[in-house]
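Structural features, examined
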Amino acid sequence: MTTIASPDATELQTVTHSYEAAAGAIGLADDLRTVLAQPYREIAAQVPVRMDGGGLRVFTAYRVQHNGALGPFKGGLRYHPQVDLDEVRALAAAMTWKTALTGLPFGGGKGGMTLDCKELSEGERQRATRGAMRGLEKVLGPMRDIMAPDMGTGPQEMAWLMDEYSRLVGHTPAIVTGKPLDLGGTCGRVEATGEGVAIAAREAAREAGLELPGARVAVQGFGNVGSHAADALHRLGCVVVGVSDIEGAVYNPGGLDVGELVRRARAGIAGHDGLDVERITNEELLGVECEVLVPAAVGGVIHAGNADAVRARMVVEGANNPTTPGGDAILNERGVTVVPDILANAGGVIVSYLEWIQNTQNVQWKLAQVQQELEQRMTDAFGVTHARSLHERCTLREAAHRVGLERVAAALRLRGFDIY
Ligand code: GLU
């Protein structure tokens, strides 16, 4: 992405900022505050991969387990050229607050490998993925730490991870979630994050007195999250006026052909030939006239240097950490409602939980049951967050972090965290 012009904070600083603010607001005791400020465990494993041309490349697979007071660590595995330990740390901590806020019996973790998928053949990607599992296997397990897709990974990577783990320790579908349907995956997982974004937007719009039918939406990032969010919002009657991907952004104030854009994205067709669109830059997309803006790509895209240009009434964070603290302060000051990442994009991990339940019980649910659970859990999480924000006159982001942090802190206290 070329949109990161001048972020005023790294993703780790962004996550830490929210944590510190919540810890202060709930009066978290110093001992717990110190424990939760750091991850429980971090691993960096060497992953040597024989490349197709015969040469060897050595990648590093990271897994950060932030906190497991509420249950096994849970969170995705990200492949991206800029992944580093600090980014994985930030994302792991965010998972702790996300699973707690949504009432899931999981802690928070995240994995990552610094690689550019576009540079690797399928065989190389498979060997790297299996290598990551071999390097991390000792700290994973269906009751210990469960990985899932994130940026750059999807059902195929999950299938390889599941297979590699099963070769090492015996058949274990519940070792990862986000698997293909034919391999113990659940109905509704691929679209879950995007569907959840739309549910969060719908709830926030209702509270803000914004009519979603006819509301204009801009979606930054048209990968798994962005494309399904656009599709779901379109079904709710929104007019999607702008979307962007790595190749650039397209705009049509009268509404884009969402169905065709989604079809092309699924088929891997690049470009927008034959569509009635105006080309704009990624940066311009963030500032288009619209009611709802959904950043659904990388972190740090809305920052102190560009938050003033955002025209939307509502920002619904499909990505993790898309808004820096500086950008957030400007949006709040301007009265823009921000539905924070740990709430807005929780649909993915919610349906991962449903997949894990099915795997541990050897059952397969119908799509309608998954959708109903997702709907219920998203609206409950929104309701709790919104009520808290009204009660304490704080933003949805502050409220979400306070609720999540309180639940984790209570579990840690009950378990006894300082016995060693
Ligand atoms: N990677 C997703 C997230 O950031 C999903 C994690 C999961 O399903 O465990 O929430």
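We now turn to the structure provided with this report. Bear in mind that the values here come from a model prediction, so they are computed numbers and not experimental data. (Residues numbered from 1 in each chain as written. Predicted model: local features only at pLDDT ≥ 70, side-chain atom pairs only at ≥ 80, totals over all residues. Heavy atoms only, no water.)

**What about the nonpolar core?**
In this structure, Val294 and Val316 are the most contacted members of the largest nonpolar core, which totals 79 residues. Contact partners of Val294, with chain neighbours within four places excluded, come to Val197, Val217, Ala218, Val219, Gln220, Leu233, Val316 and Gly318. Judged by nonpolar contacts, the second largest core, of 24 residues, contains Leu77, Met147, Leu161 and Met162. (Core = buried A, V, L, I, M, F, W, Y, C linked by side-chain atoms within 4.5 Å. Buried < 20%, exposed > 50% of the residue type's maximum accessible area, 1.4 Å probe, protein only. Contact = heavy atoms within 4.5 Å.)

**Some points on the packing of helix α7 (residues 224-235) against helix α8 (residues 258-267)**
Interaxial distance between α7 and α8 falls to 10 Å at its minimum, and their mutual angle equals 155 degrees. One element, α7, and the other, α8, form an angle in the roughly antiparallel class. In this structure, the crossing between α7 and α8 has a hand that is left-handed. Of α8, the residues touching α7 (which contributes Ser227, His228, Ala230, Asp231 and His234) are Val258, Val262 and Arg266. Partitioning the contact of α7 with α8 into residue classes produces three nonpolar, three polar and two charged. (Axes fitted to C-alpha atoms, helices over the stretch in contact; angles between N-to-C directions. Helix = DSSP H or I, 4+ residues; strand = E, 2+ residues; numbered from the N terminus. Parallel < 35°, antiparallel > 145°, perpendicular 65-115°, else oblique. Left-handed = near helix turned anticlockwise from the far one by under 90°. Nonpolar A, V, L, I, M, F, W, Y, C, P; charged D, E, K, R; others polar.)

**Structural notes on the pairing of strand β7 (residues 239-245)**
The element β7 is largely enclosed, with a buried count of five among its seven residues. Summarising the sheet, strand β6 (residues 216-220) and β7 pair through five bridges and their orientation is parallel. Bridged to Ala218 within β7 is Gly242. Viewed along the sheet, the connection from β6 through α7 into β7 turns out right-handed. (Pairing = 2+ DSSP bridges. Right-handed = clockwise from strand over helix to strand, strands pointing away.)

**Brief notes about the sheet that holds strand β1 (residues 41-50)**
Taken in spatial order, the five strands line up as β1-β2-β4-β3-β5 in an open sheet, and their pairing is mixed. What marks the edges here is a single partner per strand, and that holds for β1 and β5 (145-149). Averaged over neighbouring strand pairs, the angle between their axes works out to 25 degrees when direction is ignored. Judged from the four bridges that link them, strand β3 (residues 73-80) and strand β4 (residues 108-114) form a sheet pairing that is parallel. Counted as the bridge partner of Leu77 is Gly111 from β4.

**Focus: the packing of aromatic side chains**
Counted under the stated rule, the structure contains five aromatic pairs. With 5.6 Å between their ring centres and 5 degrees between their planes, Tyr19 and Trp97 make a pair best called stacked. Linking Tyr19 in helix α1 (residues 11-26) with Trp97 in helix α3 (residues 85-101), this pair joins segments that are 78 residues apart in sequence. The class of Trp97 is buried, set by a relative accessible area of 2%. Between Tyr40 and Phe73 the ring centres are 5.7 Å apart and the planes differ by 20 degrees, which places this aromatic pair in the stacked class. Separated by 33 residues along the polypeptide, Tyr40 in the loop between α2 (30-36) and β1 and Phe73 in strand β3 bring together distant segments of the chain. Ring pairs connect the aromatic residues Phe106, Tyr353 and Trp356, which therefore count as one cluster. (Phe/Tyr/Trp six-rings, centres within 6.5 Å; stacked < 30°, edge-to-face > 60°.)

**Section: the side chain of Asn359**
With respect to the helices and strands, the residue Asn359 is situated in helix α12 (residues 347-361). A polar side-chain atom of Asn359 sits 2.7 Å from a polar atom in the side chain of Lys179. In this view, Asn359 contacts Pro173, Ala174, Val176, Lys179 and Gly184; residues no more than four positions away in its chain are not counted. (Polar contact = N/O pair within 3.5 Å; in protein donor to acceptor, adjacent residues only side chain to side chain.)

**Looking at the site of the ligand**
Of all residues adjacent to the ligand, which total 14 residues, the nearest are Lys74, Lys98, Pro149, Asp150 and Ser352. In the environment of the ligand, an oxygen atom lies 3.2 Å from a nitrogen or oxygen atom belonging to the side chain of Asn320. In this structure, Ser352 approaches the ligand through a side-chain N or O atom, which is 2.6 Å from an oxygen atom. When the ligand is considered free in solution it has 290 Å² of accessible area, and contact with the protein chains removes 94% of it. Elements represented by at least two residues in the shell around the ligand include exactly β3, α3, β5 and α12. Taken together, the residues of the shell around the ligand sort by class into four nonpolar, five polar and five charged. (Near = heavy atom within 4 Å. Areas by Shrake-Rupley, 256 points an atom, 1.4 Å probe, with all protein chains shown as cover.)

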